[in-house]
Amino acid sequence: MKALLLEGIHPAAVELLEGRGFEVDLRRGALSEQELLDQLPGVDILGIRSNTTVTERVLESATGLQAIGCFCIGTNQVDLAAASARGTAVFNAPYSNTRSVVELVIGEIIALARRLFEKTQRMHDGVWDKSAAGSHEVRGRTLGIIGYGNIGTQLSNMAEAIGMRVVFYDTADRPAHGNAQKMGSVRELLKVADVVSLHVDGRPGNAGIFGPAEFAAMKPRSLFINASRGMVVDDRALRENLLSGHIAGAAVDVFPVEPKAQGDEFTSVLRGLDNVILTPHVGGSTQEAQEEIGGFVAGKLARFVLEGNTSLSVNLPAVQPPPVGDGHRLGFLHHNIPGVLAEFTRLVALAGDNVTGQQLATRGELGYVVADITGPLPATAVEQLRSTDSCLWIRTW
């Protein structure tokens, strides 16, 4: 079994996969679509971060690819519909780097409010500028969080802990943490927030949701932070509002187009502005978070390939069987139509096997059953299942 890991994934993933019997090919940079087409034959699992895009064309070509691990929170870089249609499992790390992102945002709020980057640059230039002009405490200020998921809620808790008032908006019905106040719309939030921080996901509907109208609706001299997705913000509109002074400062960690490899040139309309903190998509890039992500996602990939476990898959039905015992195991991914499980059970019974354990889950148009049986299913029965119109794949362990 072969694993291809891209974009400098943490060695913890390599160690875990090699320990489970995988041959691991670790690369530092991302791969283009054509490079993926060239490299994926013979690969069982692919590990990526945010700069590698897995398209339908790639998935069509990679007939042996069983699973994709996104060693990050987002999965919008993978064509999930195409992956589901082919039965390719996709996993991510929805919680592992939450704390790291939140700590970065809190630090940026304080740094912007105190104008620390401007002060330190003047010191390096030999200028002693001991002035309180434009420098503020964050205590008592209002933080507006757009996107109140795992990161947004933890940011809410930490911001309250340092004395900030928190308001939030989310399209989903999310309960408020602590004393945070839910707002009825983005516009309501922008009217009251001294700091606006974006924490939305990368679904296509979020592209360009923050542009000229939204910046114009923000309070004069407020602060803006984007640590979510680059494509959700119009950076040219942000630049204009920074130059006009309407927005006092910004911190941006994500960009519409990002370099593919370490050391590549970075271009942005936000470069050269002394009231902007620019970071190279490092919100979740701490040693602690990357080690946690490496072990978490690699573990999910290994358990799927070796045991049929789809727990926390973002696109396949969730089945969490125990480790494979002394018997035999079948995994059957199929279209979710009536009668499939009955036919599956009938064929096992005709083979003279007893089912010692069985789990079934459905998700939209897909169904997935994992069955532990006393003996191996005959090849003829396996082929009967594989040849049915409902079958996406059948695997044995």
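Before any of the text, the structure's been laid out above.
In this report, we go over the structure that sits alongside the text.

1. Considerations on the packing of helix α5 (residues 98-113) against helix α7 (residues 150-161)
Right, on to step 1. Running from amino to carboxyl end, α5 crosses α7 at an angle of 50°, the nearest separation of the two axes being 9 Å. Here α5 lies oblique to α7, going by the angle between them. α5 and α7 meet at a crossing whose hand is right-handed. Residue-level inspection shows Thr98, Arg99, Val101, Val102, Glu103, Val105 and Ile106 of α5 in contact with α7, the latter providing Asn150, Ile151, Gln154, Leu155, Met158 and Ala159.
Right, on to step 2. When the residues that make up the contact of α5 with α7 are grouped by side-chain class, the tally is eight nonpolar, three polar and two charged.

2. Thoughts on the pairing of strand β15 (residues 366-373)
Right, on to step 1. Burial analysis of β15 places eight of its eight residues in the buried class, the great majority of the element.
Right, on to step 2. Because side chains alternate across β15, one face comprises the buried residues Leu366, Tyr368, Val370 and Asp372, and the other comprises Gly367, Val369, Ala371 and Ile373, equally buried.
Right, on to step 3. Alignment of strand β13 (residues 328-335) against β15, held across eight bridges, turns out to be antiparallel. When the sheet's bridge partners are listed, Gly331 is paired in β15 with Val370.
Right, on to step 4. Relative to β15, strand β14 (residues 355-363) is paired through eight bridges, and the arrangement is antiparallel. By the bridge assignment, Arg363 is partnered in β15 with Leu366.
Right, on to step 5. Count of turn residues in the β14/β15 antiparallel hairpin: two residues, of which Gly364 carries a positive phi of about 60°.

Scoring rules and cut-offs
- Residues numbered from 1 in each chain as written.
- Predicted model: local features only at pLDDT ≥ 70, side-chain atom pairs only at ≥ 80, totals over all residues.
- Heavy atoms only, no water.
- Axes fitted to C-alpha atoms, helices over the stretch in contact; angles between N-to-C directions.
- Helix = DSSP H or I, 4+ residues; strand = E, 2+ residues; numbered from the N terminus.
- Parallel < 35°, antiparallel > 145°, perpendicular 65-115°, else oblique.
- Left-handed = near helix turned anticlockwise from the far one by under 90°.
- Contact = heavy atoms within 4.5 Å.
- Nonpolar A, V, L, I, M, F, W, Y, C, P; charged D, E, K, R; others polar.
- Buried < 20%, exposed > 50% of the residue type's maximum accessible area, 1.4 Å probe, protein only.
- Pairing = 2+ DSSP bridges.

Without other data, these values stay purely geometric and don't point to any function.
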